Amino acid sequence: MKKFTSRIDKEKLLLAAAAPVLALVAALVVTALVILATGKNPFPAFNDMLSYGSASDSQVYILNKATTYYLAGIAVAVGFRMNLFNIGVDGQYRLAAFLAAVVGGAMSLPGIVQIPVIIVVAMLVGAMWSAVAGILKVTRGVSEVISTIMLNAIATAIIAYLIQPGRLGQLDSAGTLVSTKPLPDSAWFFTIDMGPAGQLWGFIVVAVLAGIAYWFTLGRTRFGFDLRAVGQSESAAAASGANVKKMIITSMIISGLVAGLVGMPTLLNDTHQFDNSFPTGLGFTGIAIALLGRNNPIGIGLAALLWGFLERTTNHLEFIGYDKEILGVIQGVIVLCVVIAYELVRRYGLKRQQQRVGAELAAQAAKTETEVTA
């Protein structure tokens, strides 16, 4: 029995590893074919990506980018585990970062006080904005996909209105950039000096803590069990005593809380203000990363690193004669291959499980028949 259990565990492990490996191999093959279709050799491109991506300054860049991408992936994954599609992470983090920048720029407190205040403000704004979609879903049956798309547009309009000079924004001395009031030096998050490679953002520590909290809450608590149960079957979860409507709103709020953190690495470690050049589209990147990482905190981390690596290296390909659009091609192909690969592996695993169950039932029936005959 012990050997049988060990064999099954190894098979499950192999199946779990097969999907991402299959997806990456397929993505490399498809990408190579796309590059060949443009009349260029893909192998020098792949070689340049590996050599440029392994440079020390590139590694720091990748880690900094992965910090933001990881938080976006976790925010989306919370909704996915509940079977909710929170497309609104993009609007939630931008509105949260904007209002947090406004509050931070209006204060001048010791860093040990001001930095937590800025972070809490961002998380609360993200939570309140995402709660709107949760409330609409449980009270009016509005799909969270539609409501969060609309809330993204509303958030963009609110920011565009409030960031104007004379309201909550100001024009720089050159007259070319509109931004919030810069954060005082006391509100800057710490960085780690990596020498010539640059500065590693200290917010990576917060991202790691967020990943641990995500893993513990969803995998080691009753709340996490109820959340996953509702995501798999609302009727079964309700029968077991879970309050489905409460879980929907709560999961949207938690997703928004994490979404509020997405803009903090850029705000506290890089720009120290919110302006027209503040990163956009990170919520949609988070969707791709959550899918690639299969909602697993470690998988999301690896996906975030891969995304940062691709962004860093493919941008460099333009300098050696390759089209800059290759980044979008690679990212899109990877996500598509991941979805297909996981579905193929899932079906294969289900087929293998059915075969094992059938073999065990046949063996048991034969044993019973033998005993009856004897």
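Looking at an unreviewed UniProt entry, one finds the chain named ABC transporter permease and attributed to Streptomyces violascens. Quoted verbatim from the Subcellular location (unreviewed entry) field of UniProt, the annotation for the chain is "Cell membrane".

1. So, the overall build of the chain
Counting its secondary structure elements, the chain contains 14 helices and four strands. Across its three principal axes, the chain shows a C-alpha extent of roughly 95 × 55 × 35 Å. Across the 374 residues of the chain, 45% fall into the buried class. Taking the intrachain contacts of the chain between residues at least 6 apart in sequence as the baseline, contacts between residues at least 24 apart amount to 75%. In the structure as shown, the chain presents an accessible area of about 18,900 Å², 67% of it carried by carbon and sulfur atoms. The distance from the centre of the 27 positive side-chain charges to the centre of the 21 negative ones in the chain is 10 Å.

2. Description of the packing of aromatic side chains
All told, the structure shown has six aromatic pairs when counted by the stated rule. Pairing Phe 80 with Phe 85 gives two aromatic rings, centres 5.4 Å apart and planes at 50°, and the pair type is tilted. Phe 80 sits in the buried class, given a relative accessible area of 19%. On the basis of relative accessible area, Phe 85 is assigned to the partly exposed category, the value being 31%. Here the aromatic rings of Phe 274 and Phe 278 are separated by 4.6 Å at their centres, their planes lie at 25°, and the arrangement is stacked. In this structure Phe 278 comes out as buried when scored by relative accessible area, which is 4%. Among the aromatic residues, ring-to-ring pairing joins Phe 98, Phe 274 and Phe 278 into one connected group. The ring of Tyr 61 carries the charged tip of Arg 312 above its face, separated from the ring centre by 4.7 Å.

3. Here we look at the side chain of Asn 269
Along the chain, Asn 269 turns up in helix H11 (residues 264-271). Its relative accessible area of 8% is what places Asn 269 among the buried residues. A polar atom in the side chain of Asn 269 sits 3.2 Å from the backbone oxygen of Phe 189. Ignoring sequence-local partners within four residues, the contact set of Asn 269 consists of Phe 189, Phe 190, Thr 191, Trp 201, Gly 202, Phe 203 and Met 264.

4. Description of the packing of helix H5 (residues 111-140) against helix H6 (residues 144-162)
Two quantities define a packed helix pair, namely the angle between the helix axes and the distance between the axes. Viewed as axis vectors pointing N to C, H5 and H6 meet at an angle of 145°, and their least axial separation amounts to 9 Å. Remark: the crossing between H5 and H6 carries right-handed chirality. Between H5 and H6, the contacting residues are Trp 129, Val 132, Ala 133, Leu 136 and Lys 137 on the first element and Glu 144, Ser 147, Thr 148, Leu 151, Ile 154, Ala 155 and Ile 158 on the second. Counted by class, the contact of H5 with H6 contains eight nonpolar, two polar and two charged residues.

5. Overview of the nonpolar core
Counting residues in hydrophobic clusters, the biggest one holds 96 residues, and the most contacted among them are Phe 203, Met 264, Leu 267 and Leu 268. Counting contributing residues per domain, this core is built from domain 1 (1-40 + 324-374) and domain 2 (49-321), each supplying no fewer than three. Aside from chain neighbours lying at most four places away, what touches Met 264 is Ala 97, Ala 100, Ile 118, Ile 119, Ala 122, Phe 203 and Asn 269.

6. Focus: the UniProt feature "transmembrane region" (unreviewed entry) in the chain
Under the present numbering, the feature "transmembrane region" (unreviewed entry) in UniProt falls on residues 60-80, 92-109, 115-136, 145-163, 200-218, 248-268 and 326-345. Across residues 145-163 one finds 95% helix and 0% strand; the C-alpha atoms that close the span lie 27 Å apart. The distance separating the terminal C-alpha atoms of residues 326-345 is 28 Å; by composition the span is 100% helix and 0% strand.

7. So, the pattern of salt bridges
Tallied over the entire structure, the rule returns seven salt bridges. Across the pair Glu 311 and Lys 65 runs a salt bridge whose closest N-O atoms are separated by 3.6 Å. Placement of Glu 311 in helix H13 (residues 297-317) and of Lys 65 in helix H3 (residues 56-81) is noted, with a sequence separation of 246 residues between them. Residue classification places Lys 65 among the partly exposed positions, given a relative accessible area of 26%. One salt bridge connects Asp 226 with Arg 222, and the closest N-O pair in it is separated by 2.9 Å. Here Arg 222 and Asp 226 lie together in helix H8 (residues 222-232), a separation of four residues that amounts to about one turn.

8. Here's the deal with the confidence of the model for the chain
Looking at the chain, pLDDT values average 91 and 97% of them are 70 or higher. Confidence drops under a pLDDT of 50 for residues 1-8, and excluding neighbours within four residues, the segment shows four contacts in the predicted structure.

9. Re a nonpolar patch on the surface
A cluster of nonpolar residues, Phe 190, Ile 192, Met 194, Val 205, Val 208, Leu 209, Ile 212, Trp 215 and Phe 216, forms a patch on the protein surface that exposes about 830 Å² of accessible area. A total of six residues in the nonpolar patch trace back to one element, the largest contributor, which is helix H7 (residues 204-220). Judged by relative accessible area, which is 43%, Phe 190 ranks as partly exposed.

Scoring rules and cut-offs
Every chain begins its residue count from 1, and numbering advances along the sequence as written. Side-chain atom pairs in this predicted model are given and counted only at pLDDT of 80 or more, local residue features only at pLDDT of at least 70, and totals for whole chains, interfaces and linings cover all residues. Neither water nor hydrogens contribute to the side-chain values; these are computed over all heavy atoms in the structure. UniProt positions are given in the numbering used here, feature names are shortened, and annotations may be inferred rather than shown by experiment. Numbering goes from the N terminus for both helices and strands, where a helix is a DSSP run of H or I of at least four residues and a strand is a run of E of at least two. Classification of residues uses two cut-offs on accessible area relative to the type maximum, computed with a 1.4 Å probe and protein chains only: under 20% is buried, over 50% is exposed, and between them is partly exposed. Here, residues are in contact when the closest pair of their heavy atoms is within 4.5 Å. For every accessible area listed, the method is Shrake-Rupley and the probe measures 1.4 Å; residues are considered covered only by the protein chains on display. As used throughout, the charge tally considers Lys and Arg to be positive and Asp and Glu to be negative, leaving His and the chain termini uncounted. For this purpose, a charge sits on NZ of Lys, CZ of Arg, CG of Asp or CD of Glu. Pairing of aromatic rings covers Phe, Tyr and Trp, the last through its six-membered ring, and needs centres within 6.5 Å; plane angles under 30 degrees mean stacked, over 60 mean edge-to-face, and all others mean tilted. Think of it as a cone above the ring: NZ of Lys or CZ of Arg counts as a charge over the ring if it is within 6 Å of the ring centre and within 35 degrees of the ring normal. Polar contact criterion, stated in full: a pair of N or O atoms within 3.5 Å, where within protein one must be able to donate a hydrogen and the other to accept it, and residues adjacent in sequence count only if both atoms are side-chain atoms. Helix axes use the C-alpha atoms of the stretch in contact, all axes being lines fitted to C-alpha atoms, and the angles between their N-to-C directions lie in the range 0 to 180 degrees. Two helices that cross are described as forming a left-handed crossing if the nearer one is turned anticlockwise from the farther one by less than a right angle, and a right-handed crossing if clockwise. Each residue gets one label: Ala, Val, Leu, Ile, Met, Phe, Trp, Tyr, Cys and Pro are nonpolar, Asp, Glu, Lys and Arg are charged, and the others, such as Gly, are polar. For this analysis, a nonpolar core means a set of buried residues of the types Ala, Val, Leu, Ile, Met, Phe, Trp, Tyr and Cys, connected via side-chain atoms within 4.5 Å. Residue ranges assigned to each domain were obtained from an automatic or database domain assignment. Here a salt bridge means any side-chain nitrogen of Lys or Arg lying within 4 Å of a carboxyl oxygen belonging to Asp or Glu. Residue-level confidence of the predictor is summarised by pLDDT, bounded by 0 at the bottom and 100 at the top. Here, patches come from residues exposed beyond 30% relative accessible area and free of salt bridges, joined within 9 Å for like charges and within 5 Å for nonpolar side chains (Val, Leu, Ile, Met, Phe, Trp, Tyr).

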